[in-house]
Amino acid sequence: MHVRCPDRLPEEMYRQMLEQLAQLSPVVQALPPSAALVELKGSVRYHGVGAHRLGEILRVRTLSRLGSDVRVGIGPSITVAATASAQVPEPGGVLDISPEQVTAWLEPLPVEALHGIGARQAATLRDYGIDRVGLLAAVTPATVQRLLGGRAGRLACDRARGIDPRPVAPRALPASASVRCTFSRHTLGGSEVRSALLGLVVQLGQLLRRRGQAAQALTLTLRFAGGTAWERTRRLLAPCAHDDDLRVLAYRLMDAAALQRGRLTGLALRGEDLLDAGRVAEQISLDAVRETRLVAENAMGRIRDRFGARAVGPAALYRRAS
């Protein structure tokens, strides 16, 4: 069973939702900030009711105790269940796909609706006329691997056919990664704030790479004189820990703040919903500039490890000597 809330939940409410799930099954995998996986095989036997009924029970409990409805997808694999939960219209409901229904149900869905297919992958597939899950399942794996890369292509083909042997793996909320800076005086914005944000991006990227993790979302917090704050979260197109990808999204978050005359006292940048970097599928890139930057990023990381954090970095971080 895959459970998701329509909106991002505050951490405390999300933990309460996980507690509700734990009352149905001891095998719960957190997918913060607003989703989770639940293994129901043992629960169906224990409670003596079907999976669909358990999903409805969960909806009643979350509505009555948390004031939030949920979308529940039930299927024979993680991919099918997660794809199903995304097809439930808001505010909530239960969609149960039996093993016998999987192929016929997946076939007409748009390719981007298949859980695990990112926006870039979907765009690539559509460029070659593969716009439905049924077409993706019909194409030979070798062809899809040439389009998406070896591992990513193989996974896409398997999941389009309903093949996903991954078990629900109980785990606690993954740690986030945060970096922050405080201005020595109130700052109105402009190049100084942009430079400070770039510095946070570099710090966060290096921290993630050292941990062997990748972020799926970024949260930017702006703190103003008088104690007020502004905070927004956006998801990355794909999990990553690379400075360039983090920088682009961080700048978009800053632009969304529409700073005018607000007096800033500090910034904080947080990587959210972290994954083990080894689980992230690397898509083959034909962008020579990007590949060169990734090589340079690795080299700069080694230099910083040896000579200190300020030994090398983007030119914008270093003021010209007066």
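My aim in this report is to walk through the structure given alongside it, one point at a time.

Parameters and conventions
Residues numbered from 1 in each chain as written. Predicted model: local features only at pLDDT ≥ 70, side-chain atom pairs only at ≥ 80, totals over all residues. Heavy atoms only, no water. Helix = DSSP H or I, 4+ residues; strand = E, 2+ residues; numbered from the N terminus. Buried < 20%, exposed > 50% of the residue type's maximum accessible area, 1.4 Å probe, protein only. Contact = heavy atoms within 4.5 Å. Areas by Shrake-Rupley, 256 points an atom, 1.4 Å probe, with all protein chains shown as cover. Pairing = 2+ DSSP bridges. Axes fitted to C-alpha atoms, helices over the stretch in contact; angles between N-to-C directions. Salt bridge = Lys/Arg side-chain N within 4 Å of Asp/Glu carboxyl O. Phe/Tyr/Trp six-rings, centres within 6.5 Å; stacked < 30°, edge-to-face > 60°. Lys NZ or Arg CZ within 6 Å of the ring centre and 35° of its normal. Arc of directions from axis to C-beta. Polar contact = N/O pair within 3.5 Å; in protein donor to acceptor, adjacent residues only side chain to side chain. Core = buried A, V, L, I, M, F, W, Y, C linked by side-chain atoms within 4.5 Å. Expected span 1.5 Å × (residues − 1). Right-handed = clockwise from strand over helix to strand, strands pointing away.

Side note on the overall build of the protein chain
Part 1: Counting its secondary structure elements, the protein chain contains 12 helices and 10 strands.
Part 2: When the 322 residues of the protein chain are sorted by exposure, 43% land in the buried category.
Part 3: Residue pairs in contact within the protein chain that sit at least 24 positions apart in sequence constitute 61% of those at least 6 positions apart.
Part 4: Accessible surface for the protein chain amounts to roughly 17,000 Å². Of this, 52% is attributable to carbon and sulfur atoms.

A short note on the sheet that holds strand 3 (residues 35-38)
Part 1: With mixed pairing, the five strands of this open sheet are ordered in space as 2-3-1-4-5. The sheet terminates laterally at strand 2 (28-31) and strand 5 (93-96), the two strands that pair on one side only. Averaged over all pairs of adjacent strands, the angle between strand axes in this sheet comes to 15°, irrespective of strand direction.
Part 2: Strands strand 1 (2-4), strand 4 (71-74) and strand 5 of the sheet are contacted by helix 3 (residues 51-66), whose axis makes an angle of about 165° with strand 5.

Describing the pattern of salt bridges
Part 1: This model, assessed by the stated rule, comprises 11 salt bridges.
Part 2: The salt bridge partner of Asp244 is Arg247, with a shortest N-O separation of 3.5 Å. On the criterion of helical spacing, the pair formed by Asp244 and Arg247 is a turn pair, its members being three residues apart in helix 11 (residues 243-256).
Part 3: Asp244 gets classed as partly exposed once you look at its relative accessible area, which sits at 22%.
Part 4: Through salt bridges with shared partners, one network takes in Glu56, Arg59 and Asp69.

As for the packing of aromatic side chains
Part 1: Tallied over the entire structure, the rule returns zero aromatic pairs.
Part 2: Sitting over the ring of Tyr251, Arg194 keeps its end group 4.3 Å from the ring centre.

Details of helix 6 (residues 119-127)
Part 1: All of the buried residues in helix 6 are Gln121, Ala122, Thr124 and Leu125. Down the axis of helix 6, the smallest arc covering the buried residues is 160°, so these residues share one side.
Part 2: Taken together, the buried residues of helix 6 touch helix 7 (133-138), helix 8 (141-148) and helix 9 (150-160).

Details of the side chain of Asp273
Part 1: One can find Asp273 in the loop between strand 9 (264-272) and strand 10 (275-276).
Part 2: Under the relative-accessibility criterion, Asp273 is labelled buried at 12%.
Part 3: A distance of 3.1 Å separates the side chain of Asp273 from the side chain of Arg235, its partner in a polar contact.
Part 4: Setting aside its immediate chain neighbours within four residues, Asp273 contacts Pro32, Pro33, Ala214, Gln216 and Arg235.

Brief notes about the nonpolar core
Part 1: By size, the foremost hydrophobic cluster in this structure holds 32 residues, and its most contacted members are Leu208, Leu218, Leu220, Leu222, Leu267 and Leu269.
Part 2: Counting only elements with at least two residues in this core, the list comes to strand 6 (177-187), helix 10 (191-211), strand 7 (213-224), strand 8 (229-240), helix 11 and strand 9.
Part 3: Ignoring any residue separated from it by four or fewer positions in sequence, one finds Leu208 in contact with Ala177, Gln213, Ala215, Cys240, Ala241, Leu246 and Leu274.

Comments concerning unusual backbone geometry
Negative phi is the rule for most residues except glycine; trans is the rule for most peptide bonds.
Part 1: Following Glu90, the chain continues to Pro91 via a peptide bond in cis, the omega torsion being 10°.
Part 2: Assignment of secondary structure puts Pro91 in the loop between helix 4 (78-87) and strand 5.
Part 3: If you check the backbone angles, Asp273 has positive phi at about 50° while not being a glycine.

Here's the deal with the environment of Glu107
Part 1: Looking at the secondary structure, you find Glu107 in the loop between helix 5 (102-106) and helix 6.
Part 2: You can call Glu107 partly exposed: its relative accessible area is 42%.
Part 3: Glu107 sits 29 residues away from Leu136 along the chain, and the two C-alpha atoms are 8.8 Å apart.
Part 4: Apart from residues lying up to four places away in sequence, Glu107 is in contact with Arg132, Val133 and Gly134.

Comments concerning helix 3
Part 1: Between its first and last C-alpha, helix 3 extends 22 Å over 16 residues, near the 22 Å set by a 1.5 Å rise per residue.
Part 2: Residue Gly67 follows helix 3 closely and has a positive phi angle near 70°.

Let's talk about the pairing of strand 4
Part 1: Taking every second residue as pointing to the same face, both faces of strand 4 are buried, with Arg71 and Gly73 on one and Val72 and Ile74 on the other.
Part 2: For strand 4 and strand 5, the ladder comprises four bridges, and the chain directions are parallel. Within the sheet, the bridge partner assigned to Gly73 lies in strand 5 and is Leu95.
Part 3: Of the crossover connections in this fold, the one passing from strand 4 over helix 4 to the parallel strand 5 is left-handed.

A word on the environment of Gly301
Part 1: For Gly301, the position within the fold is in helix 12 (residues 288-307).
Part 2: As for Gly301 and Arg210, which are separated by 91 residues in sequence, their C-alpha atoms are 9.1 Å apart.

Details of the pairing of strand 3
Part 1: Here strand 3 shows no split at all, with Ala35 and Leu37 on one side and Ala36 and Val38 on the other all buried.
Part 2: A loop of three residues connects strand 2 with strand 3, the two strands running antiparallel in sequence.

That's the geometry; what it means functionally is another story.
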